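As a plain string of letters, each chain reads:
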Amino acid sequence: MSEAKAHGSSLTPPAPHEDFDLHMQMVQDDLSAIEEHGSKTECAQGIELLESFISTLRFKQAALGHQLEKEFVRDHEERGIHMDDQTRGAAASVALARRQSPHGMRNYLVNCRILFEDTPHLAAACARGEFTEAQAQAILTPLQALKPLRRTEFDQFFAQNPDMFESMGTNQIKETVHKFVLSYTSDQESIEQKTVEEQRKLSLKIDHQRGRIMINGEYPLLQGMCLKNYLDDESKALRKKGDKRSRAQIRADLLFSYMMIGEPSKMPIALHVGVIMTDRALFAGEREPAHLEGYGFIPAQSVREWISGHQIPNDLTPEQIDAKPDQELIEQLEVRTELARFYTAPGDQDLITMDSKARIFPEKLKKFIAVRDRHCRTPFCDGIVEEIDHVKQYARGGKTTVFNGDGRCAACNKAKEAVGWYEYIAFGNGHPIMVCPGSAMSYKSTAPPATGYAHKPFPQLRCDSKWMQKLKERLKPHDGPEDLAA
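Residues numbered from 1 in each chain as written. Predicted model: local features only at pLDDT ≥ 70, side-chain atom pairs only at ≥ 80, totals over all residues. Heavy atoms only, no water.

## A few points about empty space enclosed by the protein
By rolling a water-sized probe across the atoms, one finds the places where empty space is left. This is how it is decided: A pocket, in this scheme, is an open set of points on a 1 Å grid over the protein atoms alone with protein on both sides within 12 Å along at least 5 of 7 lines, while a cavity is a set where a 1.4 Å probe fits but cannot get out; residues line either one if an atom lies within 4 Å of a point. Grid points are joined across faces, edges and corners, and a volume is the space filled by probe spheres set on the points. Residues are grouped as follows: nonpolar covers Ala, Val, Leu, Ile, Met, Phe, Trp, Tyr, Cys and Pro; charged covers Asp, Glu, Lys and Arg; every other residue, Gly included, is treated as polar.
One pass over the full model with this rule turns up five cavities of 30 Å³ or more. Quantified by volume, the second largest cavity comes out at close to 110 Å³. By residue class, the composition of the lining of the second largest cavity is nine nonpolar, four polar and two charged.

Next up, the structure:
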């Protein structure tokens, strides 16, 4: 699943599961030698091989847990007891066997049930060690909201797109699966969001022990994201100007200053939120979820309401009533909306435009790359995009373009400066880059699709456009490793 490629391997390749015991002994012999005097490449390969074995063993544990649960149910049926809770005791037994707390173990067994009864293709991938236990749980947990038929539908989609979770961290995996789930649960989630709007609150709790006031509040999604974006942008700007306070301190001071101004008759809100959705969802009422920058996937209906200024009553679904204006909200808020347009290739799902001739990425280009990548581009990292950098260094001929730019968290952007670490742009959908961390291993990183759940091939065009010319430039042979340092 990681699609990690070793350029020459000194370890014995994985063996069929029926030869597992023999192969484990061979691996132990190999590892004993590597532990003493292994190279960077050999150590990295050994770690990855062990991770695959661990994942396979966790799959076996899940299979045994599922079988144990079925035995509990069978025993209860035969005895005629616990008919209202036939799985009683199974979670506790599994937890004891795994030396873990029983809290959350019922949820684990529900996921095991889904894995072995509704998602055979996903189970096969787990059996091959392609997913760690945490990654498998990240896929299965959101599927609990769907009926078995829809889970099987997702499993079939996964079978057709086996690389859809390639190099993703657990948060990105959850986000992708949630997008699929939201296509079938958007009505209920829209209703729940209305409930949050009605139950908005702010509480202040006195902490005598530490001498402080603790503020805790709940705000509707739109107002809350506007507030978050404003405080984040202002704190970042002040830090750049040399403010000695931490960003957290600046956010606290800004919020306090605003609260002390008093309650204005109208609240001017500079609505600056990034939303990606298809034209079909916006204009034709389709259910494909929208992506709210900094938050994740949300029902398309919510975005349509934000744009139109109309609300849907809590007890009705989008299909049951035409939207009507909420005059109370319109009278309270004075909204200035700023729309940023992003373009995809014709018929495709990937954001592709924008470039610059400057050495430093302009702010709009940074924004575009941050929206496109969503998360840090280091494989398996779930960090937020904090810095935009060149894949191939500007000093080595790398251009300041969408294709040669990627988003990283601060820690990963520093890590890629290590000696021997290099990266280069690969050919394919989703702006793929190859990350080579200096151990003769390479990992593929792909930006998530702007819409849909997996990347689709670029369509055939009759003539070359500018973006097609860029693709052809990427097909040219790249420099050697020494010229590809990130």
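## Quick notes on the pairing of strand 3 (residues 212-218)
Test applied: Two strands pair under a simple rule: DSSP has to find at least two bridges between them. What counts as a helix is a DSSP run of H or I of at least four residues, what counts as a strand is a run of E of at least two, and both are numbered from the N terminus.
As paired elements, strand 2 (residues 201-207) and strand 3 share seven bridges and run antiparallel to each other. Directly across from Lys-205, in strand 3, lies its bridge partner Met-214. Remark: four residues form the turn of the hairpin made by strand 2 and strand 3, two consecutive strands paired antiparallel; Gly-211 in that turn has positive phi of roughly 65°.

## Comments concerning the confidence of the model for the protein chain
Heads up, the rule is: pLDDT is defined as a per-residue confidence score from the predictor, taking values between 0 and 100. Whether two residues are in contact is decided by their heavy atoms, any of which lying within 4.5 Å being enough.
Of all residues in the protein chain, 72% attain a pLDDT of 70 or more, and the chain-wide mean is 76. The low-confidence segment residues 312-341 (pLDDT under 50) makes 50 contacts with residues lying over four places distant or belonging to another chain.

## Re the pairing of strand 14 (residues 433-436)
The cut-off we apply is this: Partly exposed residues are those whose accessible area sits between 20% and 50% of the maximum for their type, while under 20% is buried and over 50% is exposed, using a 1.4 Å probe and protein chains only.
Neither face of strand 14 is open: one carries Ile-433 and Val-435, the other Met-434 and Cys-436, and all of them are buried. Taken together, the four bridges between strand 13 (residues 422-425) and strand 14 define a ladder with antiparallel strand orientation. Bridge assignment links Tyr-424 to a residue of strand 14, and that residue is Met-434. As defined by bridge partners, strand 14 adjoins strand 15 (residues 441-445) across three bridges and the pair is classed as antiparallel. The residue of strand 15 that forms the bridge with Met-434 is Lys-444. Remark: four residues form the turn of the hairpin made by strand 14 and strand 15, two consecutive strands paired antiparallel; Gly-438 in that turn has positive phi of roughly 90°.

## Points about the side chain of Thr-176
Our working rule: Throughout this description, a polar contact denotes any pair of N or O atoms lying within 3.5 Å of each other; where both atoms belong to protein, one of them has to be capable of donating a hydrogen while the other can accept it, and for residues adjacent in sequence the pair is counted only when both atoms sit in side chains.
Locating Thr-176 in the fold gives a position in helix 8 (residues 170-198). Taking the relative accessible area as the measure of exposure, Thr-176 reaches 11% and is therefore buried. Here the side chain of Thr-176 touches Gln-172 through a polar contact of 3.0 Å, landing on its backbone oxygen. Beyond its immediate sequence surroundings of up to four residues, Thr-176 is in contact with Met-164, Phe-165, Met-168 and Tyr-453.

## Considering a nonpolar patch on the surface
Here is the rule we go by: Patch membership requires over 30% relative accessible area and the absence of a salt bridge. Like charges are linked within 9 Å, and nonpolar side chains (Val, Leu, Ile, Met, Phe, Trp, Tyr) within 5 Å. Only the protein chains shown count as covering a residue, and every accessible area follows the Shrake-Rupley method with a 1.4 Å probe. Definition used for salt bridges: Asp or Glu carboxyl oxygen within 4 Å of a side-chain nitrogen of Lys or Arg.
A cluster of nonpolar side chains, Leu-202, Leu-204, Ile-206, Ile-213, Ile-215, Tyr-219, Leu-227, Leu-255, Phe-256 and Met-259, forms an exposed patch at the surface whose accessible area comes to about 940 Å². Elements with a minimum of two residues in the nonpolar patch: strand 2, strand 3 and helix 10 (247-261). Along the polypeptide, Ile-206 turns up in strand 2. The exposure class assigned to Ile-206 is exposed, which follows from its relative accessible area of 53%.

## So, the side chain of Asp-155
Along the chain, Asp-155 turns up in helix 7 (residues 148-160). Leaving out residues up to four positions away in the same chain, Asp-155 has contacts with Asp-118, Thr-119, Pro-120, His-121 and Leu-122.

## Thoughts on the packing of helix 2 (residues 40-79) against helix 5 (residues 120-127)
To keep things clear, this is the line we draw: Only C-alpha atoms enter the line fits that serve as axes; for helices the fit covers just the stretch in contact. Angles between N-to-C directions range over 0 to 180 degrees. Angles below 35 degrees are treated as roughly parallel, those above 145 as roughly antiparallel, those between 65 and 115 as roughly perpendicular, and all remaining angles as oblique.
It is the contact of helix 2 with helix 5, at a shortest axis distance of 8 Å, that shows an interaxial angle of 130°. As the angle between them shows, helix 2 and helix 5 are arranged oblique. Counted together, Ser-55, Thr-56 and Phe-59 of helix 2 and Ala-123, Cys-126 and Ala-127 of helix 5 form the full contact between these two elements. Of the residues belonging to the contact of helix 2 with helix 5, the class tally is four nonpolar, two polar and no charged.

## Focus: the sheet that holds strand 6 (residues 290-292)
A sheet is described by the order of its strands in space; here three strands give the open sequence 5-6-7, paired in antiparallel fashion. Each edge of the open sheet is held by one strand with a lone partner, namely strand 5 (275-276) and strand 7 (296-298). Taken together, the three bridges between strand 6 and strand 7 define a ladder with antiparallel strand orientation. Bridging from a neighbouring strand, Leu-292 pairs with Gly-296 of strand 7.

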